[in-house]
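Here is how the chains run, residue by residue.
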Amino acid sequence: MKTDNGLRTAMKKQSATRQLPSNFGYRTMQRIDENLLRREKRNERAQFICLVAFCALSVAGSIVYLLMRDSDLLSESVNDLLRYCSTAPHLLFWIPSLVALLLLLPFEQWLKRKILS
Amino acid sequence: MRQDEPDIIVQILAGKTELFAYFLDTYAPQVFNLIARMVGDEKDAEELTQDTFMKAYQRLSSFHSESTFSTWVYRIAYNTALSALRKEKNECLAITDKQWECISDQEADSALNDESEERIAALQKAVDRLSPEEKAIITWFYEEGKSIAEISQITKQTESNIKVRLHRIRKKLYILITAEEG
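Residues numbered from 1 in each chain as written. Chains lettered and ligands numbered in written order. Predicted model: local features only at pLDDT ≥ 70, side-chain atom pairs only at ≥ 80, totals over all residues. Heavy atoms only, no water.

Caption draft 1: Looking closely at the overall build of chain A. Counting secondary structure elements, chain A contains 4 helices and 0 strands. Secondary structure of chain A in N-to-C order comes out as α-α-α-α. A compact globule built from 117 residues would reach a C-alpha radius of gyration of about 13 Å, whereas chain A, at 32 Å, exceeds it by more than 25%. Seen through its principal axes, chain A has C-alpha atoms that stretch 95 × 35 × 10 Å. Looking at chain A residue by residue over its 117 residues, the buried ones come to 13%. For chain A, the accessible surface area stands at approximately 9800 Å², while carbon and sulfur atoms represent 67% of it. Taken as two groups, the 17 positive and 10 negative side-chain charges of chain A have centres that lie 23 Å from each other. (Helix = DSSP H or I, 4+ residues; strand = E, 2+ residues; numbered from the N terminus. Rg over C-alpha atoms; globule rule 2.2 N^0.38 Å. Buried < 20%, exposed > 50% of the residue type's maximum accessible area, 1.4 Å probe, protein only. Areas by Shrake-Rupley, 256 points an atom, 1.4 Å probe, with all protein chains shown as cover. Lys, Arg positive; Asp, Glu negative; His and termini not counted. Charge placed at Lys NZ, Arg CZ, Asp CG, Glu CD.)

What follows is the structure, given as structure tokens:
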């Protein structure tokens, strides 16, 4: 078993013809990077969903708490806010910001797509 | 194995992904040779080698330097190739106990030691007819020069089991070459 020179030569001759393509390392590293990016995106999405869920639960919790404590105070505050927003000067103040927001949101999405691709 | 391999792994886990190229450059040719011998097709072997290194990268945090990186990556490669081959039906050569006993060690010794052109061609054909596990064991033992202990670590089989398997592989090769030549 220590020698088996014939077998060793036979196997060596067979392997001599086999070779990995020269760009194998580059392609594998590329696949690893793609996988990493995909995993990062998945994590970001999961974090965003968690954040939204947390905010929604916090808002719902706060509303329930306020309703339990003083329902009159809450309805008064909501009415005041609606009254404030519906008056013309105040509405005019918020309109430019709203328009800017509507224009900037799609622009931000477009930029993200462009940078990531 | 280079002394600083554990340090390289720590750096990769800390975010320096590009350092993984070192392991690709160092171990990919041997892993490819092993898988190519096991599966018999170079295209499939290339894909499985890439899968092996992807798995190695993903499981890098579970590598704790109890074994060398080469042993660890060989184990992944061996299992990856075996599970790919499990889907295919492999023809097996059945040898009875009587046949094992009929062949003496001296006969196998001289047959496997012969370096004539015809014998080498017959041996190459015989090696191709072995099972994937057997091909892996002889690749490590004869080509990579790995010890029985290392092979048993890779395959998770006992050392005595590997010794018995090597002994039987030699006899099986003898049966195959005598059938080829006779």
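Caption draft 2: Local environment of the overall build of chain B. Secondary structure assignment for chain B yields 10 helices and 0 strands. Taken from N to C terminus, the helices and strands of chain B fall in the order α-α-α-α-α-α-α-α-α-α. In terms of overall dimensions, chain B has a C-alpha envelope of 60 × 30 × 30 Å along the principal axes. Here chain B holds 182 residues, and the buried ones make up 49% of them. Taking as baseline every contact in chain B between residues at least 6 positions apart, the subset at least 24 positions apart corresponds to 67%. Surface exposure of chain B reaches about 9200 Å², of which carbon and sulfur atoms provide 46%. Averaging the coordinates of the 23 positive side-chain charges in chain B and doing the same for the 32 negative ones gives two points 6 Å apart. (Contact = heavy atoms within 4.5 Å.)

Caption draft 3: Broad picture of empty space enclosed by the protein. Residue and element names in this part refer to chain B. With the rule as written, the count across this model stands at 1 cavity of 30 Å³ or more. If you add up the space inside the largest cavity, you get close to 40 Å³. Lining the largest cavity are Ala-122, Lys-125, Ala-126, Arg-129, Leu-176, Ile-177 and Glu-180. Breaking the lining of the largest cavity down by element, the ones donating at least two residues are α7 (117-128) and α10 (159-181). Of the residues assigned to the lining of the largest cavity, the class counts are 4 nonpolar, no polar and 3 charged. (1 Å grid on protein atoms, 1.4 Å probe; cavity = no way out; pocket = protein on both sides within 12 Å on 5 of 7 lines; lining within 4 Å. Points joined across faces, edges and corners; volume = space filled by probe spheres on them. Nonpolar A, V, L, I, M, F, W, Y, C, P; charged D, E, K, R; others polar.)

Caption draft 4: Up close: the interface of chain B and chain A. In this assembly, 40 residues from chain B lie in contact with 30 residues from chain A. Of all residues in chain B, the largest losses of buried area upon contact with chain A belong to Gln-50, Met-54 and Tyr-142 of chain B, amounting jointly to 20% of the total for that side. At the boundary of chain B and chain A, one finds 4 salt bridges. One salt bridge connects Asp-4 of chain A with Arg-170 of chain B, and the closest N-O pair in it is separated by 2.9 Å. For the pair chain B and chain A, the interface holds 19 residue pairs in polar contact (both at pLDDT 80 or more). When residues of the side of chain B that touches chain A are traced back to their parent elements, those giving at least two are α2 (21-39), α3 (42-58), α6 (105-113), α7, α8 (132-143) and α10 of chain B. Looking at the side of chain B that touches chain A, the element that brings in the most residues is α3 of chain B, giving 9 residues. Here the residues of the side of chain B that touches chain A are counted per class, giving 19 nonpolar, 9 polar and 12 charged. (Buried area = accessible area lost by both parts, 1.4 Å probe. Salt bridge = Lys/Arg side-chain N within 4 Å of Asp/Glu carboxyl O. Polar contact = N/O pair within 3.5 Å; in protein donor to acceptor, adjacent residues only side chain to side chain.)

Caption draft 5: Structural view of the packing of α2 of chain B against α8 of chain B. Residue and element names in this part refer to chain B. Between α2 and α8, the shortest axis-to-axis distance is 8 Å and the interhelical angle comes to 145°. Seen from above, α2 lies across α8 with right-handed handedness. Mapping the contact onto sequence places Asn-33, Leu-34, Arg-37 and Met-38 in α2 and Pro-132, Lys-135, Ala-136, Thr-139, Trp-140 and Glu-143 in α8. A breakdown of the residues in the contact of α2 with α8 according to their chemical character gives 5 nonpolar, 2 polar and 3 charged. (Axes fitted to C-alpha atoms, helices over the stretch in contact; angles between N-to-C directions. Left-handed = near helix turned anticlockwise from the far one by under 90°.)

Caption draft 6: View of a nonpolar patch on the surface. All names here are of chain A. On the surface, a nonpolar cluster with roughly 770 Å² of combined accessible area is contributed by Leu-81, Tyr-84, Phe-93, Trp-94, Leu-98, Leu-101 and Leu-105. It is helix α4 (residues 88-116) that contributes the most residues to the nonpolar patch, 5 residues altogether. Within the fold, Leu-81 resides in helix α3 (residues 71-86). A relative accessible area of 55% places Leu-81 in the exposed class. (Patch = residues over 30% accessible without salt bridge, like charges linked within 9 Å, V, L, I, M, F, W, Y side chains within 5 Å.)

Caption draft 7: Focus on the packing of aromatic side chains. Residue and element names in this part refer to chain B. Applying the stated criterion across every chain, the model contains 15 aromatic pairs over all chains. Measuring from centroid to centroid gives 5.3 Å for Phe-20 and Tyr-57, while their planes differ by 80°, and the two rings are edge-to-face. In this pair, Phe-20 sits in the loop between α1 (5-13) and α2 while Tyr-57 sits in helix α3, placing the two residues 37 residues apart along the sequence. For the residue pair Phe-20 and Tyr-57, the accessibility class agrees, reading buried in each case. Arranged with centres 6.4 Å apart and planes meeting at 15°, the rings of Phe-23 and Tyr-27 form a pair that is stacked. A residue pair is termed a helical-turn pair when its members lie 3 or 4 positions apart in one helix, as Phe-23 and Tyr-27 do in helix α2 at 4 residues. Tyr-27 carries the same exposure label as Phe-23, and that label is buried. Counting every residue linked through ring pairs, the aromatic cluster contains Phe-20, Tyr-22, Phe-23, Tyr-27, Phe-53, Tyr-57, Phe-63, Phe-69 and Trp-72. (Phe/Tyr/Trp six-rings, centres within 6.5 Å; stacked < 30°, edge-to-face > 60°.)

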